[in-house]
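Spelled out from the first residue to the last, the chains are:
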Amino acid sequence: MLDPTIVFDTSGPLESPLTDEVLREVEAQLGRKLPAAYVDLAQRHNGGVLACDAHPSPSRTSWSAGYVAVYTLAAIGRTASFSLCGELGNAFWIAEWGYPDIGIYIADCPSAGHDMIALDYRSPGEPTVVHVDQEWNYQITVLAPDFETFLGGLVDETEFDGDD
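Procedures and definitions
Residues numbered from 1 in each chain as written. Predicted model: local features only at pLDDT ≥ 70, side-chain atom pairs only at ≥ 80, totals over all residues. Heavy atoms only, no water. Pairing = 2+ DSSP bridges. Helix = DSSP H or I, 4+ residues; strand = E, 2+ residues; numbered from the N terminus. Salt bridge = Lys/Arg side-chain N within 4 Å of Asp/Glu carboxyl O. Buried < 20%, exposed > 50% of the residue type's maximum accessible area, 1.4 Å probe, protein only. Arc of directions from axis to C-beta. Contact = heavy atoms within 4.5 Å.

(A) Representation of the pairing of strand E8 (residues 139–144) within the structure. Sheet topology note: the strand E7 (residues 128–133)/E8 ladder contains five bridges and is antiparallel. The residue of E8 that forms the bridge with His131 is Thr141. The hairpin formed by E7 and E8 contains five residues between the paired strands, and Asn137 there has a positive phi angle of roughly 55°.

(B) Region of the structure containing the pattern of salt bridges. For the structure on display, the rule yields three salt bridges. Between Asp40 and Arg44 there is a salt bridge, with the nearest N and O atoms lying 2.9 Å from each other. Here Arg44 and Asp40 lie together in helix H3 (residues 36–44), a separation of four residues that amounts to about one turn. When its relative accessible area of 28% is taken as the criterion, Asp40 is described as partly exposed. Between Arg122 and Asp120 there is a salt bridge whose closest N-O contact spans 2.7 Å. Residue Arg122 is classed as exposed on the basis of its relative accessible area, which comes to 54%. For Asp120, a relative accessible area of 6% translates into the label buried.

(C) How the structure looks around helix H2 (residues 20–30). Within H2, burial applies to Leu23, Val26, Glu27 and Leu30. Angular distribution of buried residues about the axis of H2 spans 100°; they occupy a single face of the element. Exposed and oriented more than 90 degrees from the buried face of H2 are Arg24, Ala28 and Gln29. The secondary structure elements touched by the buried residues of H2 are H3, helix H4 (90–95) and strand E5 (103–108).

Honestly, it's all geometry; don't read function into it.
The structure is reproduced here in structure tokens:
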């Protein structure tokens, strides 16, 4: 698993380190088990602004031809606004913005809600990580086969300079 100092910028976590009790409550509220890599990261640094802010995309999105920008990873909890069960958490994106109920929305993008990163639970096993593009009729693009691979694929957006 990646060290959280590599994953997050210098800002602090969104919530306190994850406890077993909060994990059980959040998973019960979401109705899904979170990936072990996500839980492990949250136990050491629970959400926040990502240091590497882009992930390659296999196809064009409304953001660019070859990548998606990623901003904040949601904390596992409910007290911070952008926690999985917070005011601007998973239920908000589905109920207020009409995002498809395919899993759990875990990261926002700089487009202010016009695209999101989600754990997609539609297939059995470990959820894939997908980009959901509201600007393109909620188009779903698979970014990684699992959360740990997604983290490993994050890079600095400057690597895509000139990509439209």
